[in-house]
Amino acid sequence: MAKIEMKISVSMEETFEDFLLMKKSMGLSDKTLITYKQHFSAIKRHLSVEKPIESMERQDLERMISSMRDTGLAPTSIQSYTRTLKSFFSWCNEEEITNLNLSRYRAQETIKDTYTDRELELLLKKPNMRTCNFAEYRSWVIINLLLNNGCRAASIRNIKNKDVDLCSQIIHLRHTKNKKAQVIPVSSLLSAILSEYMRIRGGSDDDYLFSNIQGEQMTENNLKLSIAKYNKRRGVEKTSIHMFRHTFAKKYLVDCGGNAFTLQRLLGHSTLEMTKHYCAIFDSDITK
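Here the structure is a predicted model, which is why all the values come from computation and not from measurement.

(A) Inspection of the overall build of the protein chain at higher detail. The number of helices and strands found in the protein chain is 13 helices and 3 strands. Sorting the 288 residues of the protein chain into buried and exposed places 42% on the buried side. Long-range contacts, defined as pairs at least 24 residues apart, comprise 63% of the intrachain contacts of the protein chain with a sequence gap of at least 6.

Here it is, written out as C-alpha cells:
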C-alpha cells in the first residue's frame, strides 16, 4: 500500500482558489467573485503565481507593480488589482498561511466625467406619450430616478412595485452592493413621475418596477443597452449608467452645497472613504 504524504507546499494560485471558495461561502455576490477572478488573471501576467505561497516575498509584489507600470497599465487598474491582492493576503494572514501583505497603491485622483447641464436638459425632456414606446418612456423614468438619488444600476433592476412608497416619498432598496437594506428619498417631482409610470406599468406588488416588455426583470445588459439607445436618440453620445451616479454626487456637492456625511447615506457607502473620493475629485468645482 502506497504511503500517503501530506501536500505541504501550496501555490499562490491554489491558495487564491481557496480564498474565492471562502468568499463565496460568506455570501459574496457572483459579480464580485467574477471581478476577483478577472483581477487575478491580470495579476498572473506580472507575478509568478505558481510559486509556493509561503515563499512569496515583498520584493515579488514590488516587482509585480513595477511590471504593471512598465507595461502601461492605468493607475486605476493597478489600484484595483492591488486592492484584490490586499484582501487576499489579509485572509492569508488570518489563516496563518503567510504574514505578507502590501500597501495600498495610491493612484492619482482623476476627474470623473459627468453629464453636462445641456445633456441633462436633452435627457430629462419628457417623451411624447402619444408616439413613444414603453422602452423609451421607461428609460426616461429610470434616468429621472438615477439623477434623484444616484443609486446603482443593480439596485434599479431589483426594485419591485412594493418597494415604492409614494405616500412617504421613499423607495426601499433591498439589493445593494454592501447587502444592507437602504431607504432613499424621492422628490415631489419624481414622486409624480413614478405615480404616472406605475399606473401605466401596472403589475402586482411582487413584479419588478422596471421590467422588460414581457414583464420580467431586466438583465444588466438589457438595461445598459436601453439607456444607451435612449441617450443616443436624444443626441447624447455619453451612455454610461454609472455616470449618472457621478453626476448626482457632483450636483449634490457643488450645486446644492451638500456635505460628505449626507452624501455617504444617499450613495449607500459603507464607509466615508469612497465618499471622500467624490469630494476630492470635485474639489475644484466646489471651490469655484
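That was the structure; now back to the text.
(B) Inspection of unusual backbone geometry at higher detail. The phi dihedral of Glu 96 falls on the positive side, at around 60 degrees, and the residue is not glycine. Position of Glu 96 among the secondary structure elements: in the loop between helix H4 (75-94) and helix H5 (117-124). Phi at Gln 169 takes a positive value of approximately 55 degrees, unusual for a residue other than glycine. Along the chain, Gln 169 turns up in the loop between strand S1 (164-165) and strand S2 (170-173). Residue Gln 169 is classed as partly exposed on the basis of its relative accessible area, which comes to 28%.

(C) How the structure looks around the pattern of salt bridges. Evaluated as defined, the whole model comprises 13 salt bridges. We note a salt bridge from Lys 238 to Glu 119, for which the minimum N-O separation is 3.0 Å. Here Lys 238 is found in the loop between helix H9 (220-233) and helix H10 (242-255), whereas its partner Glu 119 is found in helix H5, with 119 residues between them in sequence. Assessed through its relative accessible area of 15%, Glu 119 is described here as buried. For Glu 196, the salt bridge is made with Lys 126, and the minimal N-O distance between the two is 3.0 Å. Within this pair, whereas Glu 196 is found in helix H8 (residues 188-201), its partner Lys 126 is found in the loop between H5 and helix H6 (134-149), the two being separated by 70 residues in sequence. Its relative accessible area of 38% is what places Lys 126 among the partly exposed residues. Each of the salt bridges in this network shares a partner with another, and the network as a whole consists of Lys 51, Asp 60 and Arg 63.

(D) Inspection of the packing of helix H1 (residues 12-25) against H4 at higher detail. At a minimum axis distance of 10 Å, the contact between H1 and H4 shows a crossing angle of 85 degrees. Here H1 is positioned roughly perpendicular relative to H4, judged by the angle of their axes. Packed against H1, whose contacting residues are Met 12, Thr 15, Phe 16, Asp 18, Phe 19, Met 22 and Lys 23, the element H4 presents Thr 84, Leu 85, Ser 87, Phe 88, Phe 89, Trp 91 and Cys 92 at the interface. Among the residues forming the contact of H1 with H4, the class breakdown is 9 nonpolar, 3 polar and 2 charged.

(E) Spatial organisation of the packing of aromatic side chains. Under the defined criterion, the tally for this structure stands at 13 aromatic pairs. With a centroid separation of 4.3 Å and an interplanar angle of 20 degrees, the aromatic rings of Tyr 115 and Phe 244 are classed as stacked. Linking Tyr 115 in the loop between H4 and H5 with Phe 244 in helix H10, this pair joins segments that are 129 residues apart in sequence. Residue Tyr 115 shares its accessibility class with Phe 244, and that shared class is buried. The interplanar angle of 20 degrees and the centroid separation of 6.1 Å between the aromatic rings of Phe 134 and Tyr 197 together place this pair among those described as stacked. On the criterion of sequence distance, the pair formed by Phe 134 in helix H6 and Tyr 197 in helix H8 is long-range, its members being 63 residues apart. The structure contains a cluster of three or more aromatic residues connected by ring pairs, namely Phe 16, Phe 19, Tyr 36, Phe 40, Phe 88, Phe 89 and Trp 91. Over the aromatic face of Tyr 208 sits the side chain of Lys 160, whose NZ or CZ is 5.3 Å from the ring centroid.

Here is what the cut-offs are and how they apply
Within each chain, residue numbers correspond to sequence positions counted from 1 in written order. Since the coordinates come from a predicted model, pLDDT governs what is reported: local features require at least 70, and pairs of side-chain atoms require 80 or more to be given and counted, while whole-chain, interface and lining totals use all residues. Here the side-chain values reflect all heavy atoms present in the structure, with hydrogen atoms and water set aside. In DSSP terms, a helix is any run of H or I states spanning at least four residues, a strand is any run of E spanning at least two, and both are numbered starting from the N terminus. Only protein chains enter the accessibility calculation, which uses a 1.4 Å probe; a residue is then buried when its area is under 20% of its type maximum, exposed when over 50%, and partly exposed in between. Whether two residues are in contact is decided by their heavy atoms: any pair within 4.5 Å suffices. Any carboxyl oxygen of Asp or Glu within 4 Å of a side-chain nitrogen of Lys or Arg constitutes a salt bridge here. Helix axes are fitted only over the stretch in contact, all axes being lines through C-alpha atoms; the angle between N-to-C directions runs from 0 to 180 degrees. Should an angle fall under 35 degrees it is called roughly parallel, over 145 degrees roughly antiparallel, and 65 to 115 degrees roughly perpendicular, with every other angle called oblique. Residues are grouped as follows: Ala, Val, Leu, Ile, Met, Phe, Trp, Tyr, Cys and Pro are nonpolar; Asp, Glu, Lys and Arg are charged; every other residue, Gly included, is polar. Stacked, tilted and edge-to-face are the three classes applied to pairs of Phe, Tyr and Trp rings, where Trp contributes its six-membered ring and a pair requires centres within 6.5 Å; stacked means planes under 30 degrees apart, edge-to-face means over 60, and tilted covers the rest. We call a charge positioned over a ring when the NZ of a Lys or the CZ of an Arg lies within 6 Å of the ring centre and within 35 degrees of the ring normal.

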